[in-house]
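Structural characterization, general
Next come the chains, spelled out residue by residue.
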Amino acid sequence: MTEHTFFVPLSFQFRDINRMNIEQTLQEAILQAIKELYQADAEASQITLQKTKKEFTGHYTLVTFPLLRISRKKPEETAQEIGTYLVENAPVVTEFNVIKGFLNLTISPAVWVNLLREINADPDHGFTPVTDDAPLFMVEYSSPNTNKPLHLGHVRNNLLGHSLCEVLKANGKRVVKTNIVNDRGIHICKSMLAWQLWGNGETPESSGKKGDHLIGDYYVLFDKKHKEEQAVLQEKGLSKEEAEAGSKLMEQAREMLRRWEAGDEETVALWKKMNDWVYAGFDETYQQMGVSFDKIYYESETYLPGKEEVLKGLEKGLFYRKEDGSVWADLSPTGLDHKLLLRADGTSVYMTQDIGTAKLRFDDYPIDTMIYVVGNEQNYHFQVLSILLDMLGFEFGKGLVHFSYGMVELPEGKMKSREGTVVDADDLMAEMIETARETSAELGKLDEATPEEAEAIARMVGLGALKYFILKVDPKKNMTFNPQESIDFNGNTGPFIQYTHARVRSILRKAEEQGIALPDKLDTGALLSEKEEGLVQLLSEFGTVVKQAGSEYNVSLIGNYVYELAKEFNQFYHDHPILREENTALRDFRLLLSKNVALTIKRGMKLFGIDVPERM
RNA sequence: GCACCCGUAGUUCAAUGGAUAGAAUACCGGAUUCCGGUUCCGACGAUGUGGGUUCGAUUCCCGCCGGGUGUACCA
């Protein structure tokens, strides 16, 4: 790495260059250059500017190939001419070099100092404040069933949902976080029945179990008893189908569902009691995970409105009824198939409920964009939902977004509920925190901390490891979660980023102890290295990354950005002094840079729902 | 069968149509040390396959191969 000395004059003249706009300034200058050199107007889209790769000198690179049609010259020649023009006429550009068709531009060091100063002065750096008239986004995520606890798959869902909301807010959108709870249906009745038959009045209090785990256990128990029953029947010589048809347990469960739908008081009371246990359990899990909701919908309240909408659609002739009474939508004009909306017995299916839920939501809020965070196994479902809502006359149907994500596997392989290899969310989080505690103790990092501090840090690190590892991966891809790798203090991990933050904060604390004040302005000369300029450049890109993440609904972009920032800082300042630097101008620059690196890491991690400790 | 998604170092992940495809981790070599376990440096190592579009393709289009998911009365 080469270091070069620049004296930054007090009165440099780049007032017109504000921080986010270096690229824009360059683009305009390049357009101007083309106009003067070739007497032609280029489209802004023809100006492809990108960050200069590390192995070359420069900050930004102009790819000249798209411009050859205008210049009618060779790539090298074109680059040479534009470069010369820019150095002579654009104050931002101080040097250039040409490699093949690539024009590498070096930005004046004064610009970087100025940029850092402006970033520091902007309390919203990277984020757009939310205004009252901003577009309203509703984001549905989590969507649990009330018959079993949350597992690893839900963890990815919750983290993505929460993170997406944070990213949208950082982009100035109004966000309503919502959850749809699947609280009715045969699966709940199985748990209820098992509890009635074999529960002996067990409660979360009496058993010491979380409510959702308790109910989950009864669901499993039902399954076990049902299998035993089937085995007995099959031993008596019944076929598999006959045994299933003759199941007393299933019959009782279905009977319970009928009573529930009929509003039978006792059944409804039991249902309510057991669901409340589950909700208490979920609340604990959500709190531990750090996610929350503004408004929760329950399918028990949306399936009837859904039915109404379907019947209305039937009247309007949008749907048709078969001889057996079932209601269908013919989607063949859109290239899809026929879709069932109401069963022959008049009861609703999943799709019916989602139509009802959508209607209630749009009655409740002036939603501009509805986003569903749901696994990719339901891609087809949401494609159909969008079309159906549109057919029913809801304008929002067409624009709904299915934020589709892939499965999470473990290094050992897939989770299979039948084989008992499902990873429970509560257990997982507890283990992560425990591992963080052990690792910290081993490394002796927290010897000076109070037990409360140590506990809080273990929590941040354990959960940070989990969250970062899951969120850094492109949501739409299937992924493998490796708990061990995730909690490593080196590498592209949450703990490494947290460590870097703690390290920067420690530097700033020491500065304060030594009576070195953070500068409020940088108006002196500084000796900047390429790395330092690169760090300022990285800092300035934060806003762009956040914006891109928001417009693409792809939160993983944030992770890679923050990691790079942390890594670059950590690497460079491992053996470059900050506090012992004798040149005070340089020291001031480094302090201010440190402060803003820490702030940006903190802001970035906030978008992941990850807390960063002051020390660790 | 049909539809959608995914195939990148041993492994886990990157790469708005741009330069010699980046990290991390593992393994190997060197340095460092209270240390087989820490830290630093170095080396090794990849676009499933065949075409097409383009000045330029991991990226876009078509055909294969492989994996995943879904596909009319589960949610």
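What counts and how
Numbering of residues begins from 1 in every chain and follows the order in which that chain's sequence is written. The lettering of chains begins at A and the numbering of ligands begins at 1, in the order of writing. At least 70 in pLDDT is required for a residue's local features to be given in this predicted model, at least 80 for side-chain atom pairs to be given and counted, and no such filter applies to totals for whole chains, interfaces and linings, which use all residues. Side-chain descriptors were evaluated using all non-hydrogen atoms of the structure, hydrogens and water having been removed beforehand. We call a residue near a molecule or strand whenever a single non-hydrogen atom of that residue lies within 4 Å of it. Two N or O atoms form a polar contact when they lie within 3.5 Å of each other; inside protein one atom must be a possible hydrogen donor and the other a possible acceptor, and for residues adjacent in sequence the pair counts only when both atoms belong to side chains. Counting from the N terminus, the helices are the DSSP runs of H or I reaching at least four residues and the strands are the DSSP runs of E reaching at least two. Axis geometry follows a simple rule: fit a line to the C-alpha atoms, using only the stretch in contact for helices, then measure angles between N-to-C directions, giving values from 0 to 180 degrees. Should an angle fall under 35 degrees it is called roughly parallel, over 145 degrees roughly antiparallel, and 65 to 115 degrees roughly perpendicular, with every other angle called oblique. Whether two residues touch is decided by their heavy atoms; if any such pair falls within 4.5 Å, the residues are in contact. Each residue is assigned to one class: nonpolar for Ala, Val, Leu, Ile, Met, Phe, Trp, Tyr, Cys and Pro, charged for Asp, Glu, Lys and Arg, and polar for all the others, Gly among them. Aromatic pairing here means that ring centres of Phe, Tyr or Trp (its six-membered ring) are within 6.5 Å. Orientation follows from the plane angle: under 30 degrees is stacked, over 60 is edge-to-face, and everything else is tilted. Think of it in three bands: with a 1.4 Å probe and only protein chains considered, a residue is buried below 20% of the maximum accessible area for its type, exposed above 50%, and partly exposed in between. A ring has a charge above it when a Lys NZ or an Arg CZ is no more than 6 Å from the ring centre and no more than 35 degrees off the ring normal. Note on pairing: two strands pair once DSSP finds at least 2 bridges between them. A carboxyl oxygen of Asp or Glu within 4 Å of a side-chain nitrogen of Lys or Arg is what we treat as a salt bridge. pLDDT gives the predictor's per-residue confidence on a scale running from 0 to 100.

**So, the protein's contact with RNA strand B**
- Of all residues adjacent to RNA strand B, which total 42 residues, the nearest are Trp-328, Arg-343, Asp-474, Thr-480 and Asn-490.
- Sugar plus phosphate, as a fraction of atoms of RNA strand B within 4 Å of the protein: 60%.
- In this structure, a base nitrogen belonging to RNA strand B sits 3.2 Å away from a side-chain N or O atom of Asn-104.
- Side-chain polar atom of Tyr-563 to a sugar or linking oxygen of RNA strand B: 3.4 Å apart, as the coordinates give it.
- Of all the secondary structure elements, the ones that give two or more residues to the surface near RNA strand B are β2 (60–63), β4 (102–107), β10 (338–342), α13 (350–364), α14 (379–391), β14 (479–480) and α21 (556–572).

**Digging into the packing of helix α5 (residues 152–170) against helix α17 (residues 451–471)**
- Direction vectors running N to C along α5 and α17 enclose 80 degrees, while the axes themselves pass 10 Å from each other. The pairing of α5 with α17 is recorded here as roughly perpendicular in orientation. Across from Leu-152, Val-155, Arg-156, Leu-159, Leu-160 and Ser-163 in α5, the residues of α17 making contact are Leu-466, Lys-467, Ile-470 and Leu-471.
- Broken down by class, the residue content of the contact of α5 with α17 amounts to seven nonpolar, one polar and two charged.

**Points about the packing of aromatic side chains**
- Per the counting criterion, the structure on display carries 18 aromatic pairs.
- Here the aromatic rings of Phe-572 and Tyr-573 are separated by 4.8 Å at their centres, their planes lie at 80 degrees, and the arrangement is edge-to-face.
- Residue class for Phe-572 comes out buried when judged on its relative accessible area of 4%.
- Joined through ring pairs, the aromatic side chains of Tyr-141, Phe-282, Tyr-286 and Phe-293 make up one cluster.
- Sitting over the face of the ring of Trp-198, Lys-225 holds its NZ or CZ atom 5.1 Å from the ring centroid.
- Residue placement shows Lys-322 over the ring face of Trp-328; its charged tip is 3.9 Å from the ring centre.

**Notes on the sheet that holds strand β8 (residues 320–321)**
- Spatially, the three strands line up as an open sheet ordered β8-β9-β10, and their pairing is antiparallel. The strands lining the two open edges of the sheet, one partner per strand, are β8 and β10.

**So, the pattern of salt bridges**
- Scanning the model with the defined rule gives 28 salt bridges in all.
- Salt-bridge contacts for Glu-166 lead to Lys-606; the nearest nitrogen and oxygen are separated by 3.0 Å. Residue Glu-166 is found in helix α5, and its partner Lys-606 is found in helix α22 (residues 584–607); the two are separated by 440 residues along the sequence.
- Residue classification places Lys-606 among the partly exposed residues on the basis of a relative accessible area of 46%.
- Residue Glu-455 pairs with Arg-437 through a salt bridge whose shortest N-O separation is 2.8 Å. Residue Glu-455 is found in helix α17, and its partner Arg-437 is found in helix α16 (residues 425–443); the two are separated by 18 residues along the sequence.
- Taking the relative accessible area as the measure of exposure, Glu-455 reaches 33% and is therefore partly exposed.
- Salt bridges sharing common partners tie together Glu-251, Arg-254, Glu-255, Arg-258, Arg-259 and Asp-264.

**A look at the sheet that holds strand β7 (residues 295–298)**
- With respect to topology, five strands assemble into an open sheet ordered β7-β6-β5-β11-β12, the strand pairing being parallel. Both edges of this open sheet fall to β7 and β12 (401–405), since each of them pairs with a single strand only. Across this sheet, the average inter-strand angle for adjacent strands is 25 degrees, counted without regard to direction.
- Inspection of the sheet shows strand β5 (residues 136–140) paired to strand β6 (residues 174–181) by five bridges, in the parallel sense. Pairing of Leu-136 across the sheet is with Arg-174, part of β6.
- Contacts from α14 reach β11 (369–375) and β12, with the element oriented near 155 degrees to β11.

**As for the confidence of the model for chain A**
- Summary statistics for chain A give a mean pLDDT of 89 and a share of 94% for residues scoring 70 or more.
- Overall, residues 1–19 carries pLDDT values under 50, and its contacts beyond four positions in sequence, including any with other chains, amount to 42 contacts.

**Description of the packing of helix α8 (residues 211–235) against helix α11 (residues 265–289)**
- One way to put it is that α8 packs onto α11 with a least axis distance of 6 Å and a crossing angle of 125 degrees. Classified by the angle their axes make, α8 and α11 are oblique. Residues Gly-211, Asp-212, Leu-214 and Ile-215 of α8 touch α11, and the partners they reach there are Met-274, Trp-277, Val-278, Gly-281, Phe-282 and Thr-285.
- Considered class by class, the residues forming the contact of α8 with α11 number six nonpolar, three polar and one charged.

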